[in-house]
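Residues per chain, in single letters:
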Amino acid sequence: MSAKKTALTVLSAALPALLVPALLASPAYAAPTPPVDGKGQPPKAPAPPASMSTVGGSSLGQPGTQVSLLPGAPALPAHLTGRSWVVADAETGEILAAHNAHWRLPPASTMKMLFADTVLPTMPKEQVHKVTDRELEGVGAGSSLVGVKEDLEYTVHDLWLGVFLKSGNDAVHVLSAMNGGVEKTVKDMQAHAEELQALDTHVVSPDGYDAPGQVSSAYDLTLIARSGLQKQDFREYCGTAVAKFPGKQEPGKPREEFEIQNSNRLMTGAGGLAPYKGIAGVKNGNTSMAGATFTGAAQRGDKKLLVTVMNPDGAGANPVYEETADLLDWGFAAAGKVKPVGELVPPKSADTASLGSPAQSHENNVSASGAGSDGGIGTAFGVAGGVLAVVAGGAYAVNRRWPRGRGRRARGQV
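First things first, this report covers the structure right here in the doc. (Residues numbered from 1 in each chain as written. Predicted model: local features only at pLDDT ≥ 70, side-chain atom pairs only at ≥ 80, totals over all residues. Heavy atoms only, no water.)

Details of the packing of aromatic side chains
Rule in force here: Two rings belonging to Phe, Tyr or Trp (six-membered ring only in the last case) form a pair when the distance between their centres is within 6.5 Å. Interplanar angles under 30 degrees mark stacking, angles over 60 mark edge-to-face geometry, and anything in between is tilted. Secondary structure elements follow DSSP: runs of H or I no shorter than four residues count as helices, runs of E no shorter than two count as strands, and numbering proceeds from the N terminus. For each residue, the accessible area found with a 1.4 Å probe, counting protein chains only, is set against the maximum for its type, and the residue is called buried under 20%, exposed over 50%, and partly exposed in between. Placement of a charge over a ring requires the Lys NZ or Arg CZ to be within 6 Å of the ring centre, with the centre-to-atom vector within 35 degrees of the ring normal.
Going through the model one piece at a time under the given rule, you end up with seven aromatic pairs. With a centroid separation of 6.2 Å and an interplanar angle of 50 degrees, the aromatic rings of tryptophan 160 and phenylalanine 164 are classed as tilted. Separated by four residues within a single helix, tryptophan 160 and phenylalanine 164 lie in helix 3 (residues 156-166), roughly one turn from each other. Residue classification places tryptophan 160 among the buried positions, given a relative accessible area of 1%. An aromatic cluster is built from Phe115, Trp160, Phe164, Phe234 and Tyr237, whose rings are joined through pairwise contacts. For the cation-ring pair, arginine 255 lies above tyrosine 154, with the distance from its terminal atom to the ring centre recorded as 4.8 Å.

Observations regarding the nonpolar core
So the rule is basically this: Within this scheme, the nonpolar core is defined by two criteria: the residues are buried Ala, Val, Leu, Ile, Met, Phe, Trp, Tyr or Cys, and they are joined through side-chain atoms within 4.5 Å. Here, two residues are considered to be in contact whenever any of their heavy atoms come within 4.5 Å of each other.
If you look at the biggest cluster of nonpolar residues, it comprises 67 residues, and the most contacted ones within it are Val148, Trp160 and Phe164. Looking at this core element by element, the count peaks at seven residues for helix 3. Look past the residues within four positions of valine 148 in its chain and what remains in contact with it is Val131, Leu136, Tyr154, Leu159, Asp170, Ala171, Val174 and Phe245. If you look at the next biggest cluster of nonpolar residues, it comprises 27 residues, including Val87, Ala97, Tyr321 and Trp330.

Quick word on the pattern of salt bridges
The condition that has to hold: Here, a salt bridge means any side-chain nitrogen of Lys or Arg that lies within 4 Å of a carboxyl oxygen of Asp or Glu.
Taken as a whole and assessed by the stated rule, the structure comprises nine salt bridges. Here lysine 187 and glutamate 183 are joined by a salt bridge, their closest N and O atoms 3.7 Å apart. Here lysine 187 pairs with glutamate 183, and both are found in helix 5 (residues 182-196), just four residues apart, close to one helical turn. By relative accessible area, which is 31% here, lysine 187 ends up partly exposed. Of the charged contacts, one joins glutamate 250 and lysine 253 as a salt bridge, the two residues approaching to 3.4 Å between their closest N and O atoms. For glutamate 250, a relative accessible area of 33% translates into the label partly exposed. Among the charged side chains, a salt-bridge network with shared partners connects Lys125, Asp233 and Glu236.

Examining unusual backbone geometry
Of the consecutive residues glycine 281 and valine 282, the connecting peptide bond is found in the cis state with omega at 20 degrees. Inspection of the secondary structure puts valine 282 in strand 9 (residues 279-287). Backbone geometry places asparagine 100, a non-glycine residue, at a positive phi of 50 degrees. Here asparagine 100 is to be found in the loop between strand 4 (94-99) and helix 2 (111-119). The phi dihedral of asparagine 311 is positive, around 55 degrees, even though this residue is not glycine. A residue is classified by how much of its surface remains accessible, and asparagine 311, at 15% relative accessible area, is buried.

Here we look at the pairing of strand 3 (residues 84-89)
What counts, and what does not: Whether two strands pair depends on DSSP finding at least two bridges between them.
Burial analysis of strand 3 places six of its six residues in the buried class, the great majority of the element. Where strand 3 meets strand 11 (residues 303-310), six bridges bridge the pair, whose relative direction is antiparallel. What sits directly across from tryptophan 85, in strand 11, is valine 309. Where strand 3 and strand 4 come together, four bridges link them in antiparallel fashion. Each bridged residue has a counterpart across the sheet, and for alanine 88 the counterpart in strand 4 is isoleucine 95. Connecting the antiparallel pair strand 3 and strand 4 is a turn made up of four residues, with glycine 93 showing a positive phi of about 85 degrees.

This is the structure in structure tokens:
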């Protein structure tokens, strides 16, 4: 594969031509229509549970908005409609504000962050794979596709571009096959989620396609994104705005290629939105059952934030991005002016006695049989710094700072 065919085009303030205002209106993948009541109307939105997990702090187990404003702190944005959201400092792990942080909801394609964080370290990006019919059989009806075709060869690098930019379920299924199959990949993902203490997460499909019992939370998605951002390749892919993807191959001719754009509207400026200054990823999703979901990472100066928003009200794809942008603006303005309401916990393997006991899973009969596997975590924390996706003339890297002092990671509760 030539350098041209695999070259990345990375978003930069110096490259305004990449900010293509094309409409990327198709959902990350399709799903069955939600149920209706006896009058043919959608049922009323459910209320959050009265008691949720307390992983990361007791306040996070309470329904509603959790924030502790100090003098001079800005008020939270008005008219936030997301069922669940989290604003966190990506470096320290401090949660600046949250709303129903541990509400377990369908994650849509944001589940692909866990897929990537688990599988990405297991195979070299230069590896070439010839796709078979069988590897594409399990792709759900109406899925978002990057355009992977049977009997053609792709590098692992190509496939990851398809996962991150186009949320391609076809690419996910091929990579899952290369990882030993969908069933093994789901077990690996569940084991990795438990290692990260993302204990609201129950994995059923590796691509996030709606399935009974498949859930995550704004807290877990933020935790998973923070883990993924330890990996240079993860940062590179999620921060790529435009890339070339291999197309048809005719005998005796150079292989065709076509352009793919990132469906993250805060990155590309699609759908009438302005690109968000300092945006660096991470992943969006949208299904009928999950609504719109998004986890975004951004940097201003030395401050790096993560925001996750799940299922806001409003038509179209823009509300989840608009509310994320509002929360990022608030987080940058509020840094140092709020008392954290919780924290993103370390992985279980990073726990020490001085920091208290590890959080305990509150899943019922859904633990992965491969819980002893590291799912790629061994290399996740070896990557620090480096040249990343360049956004607004800078680079985004997350170096974890584990919380110190008394153990605050309370055991998870239902």
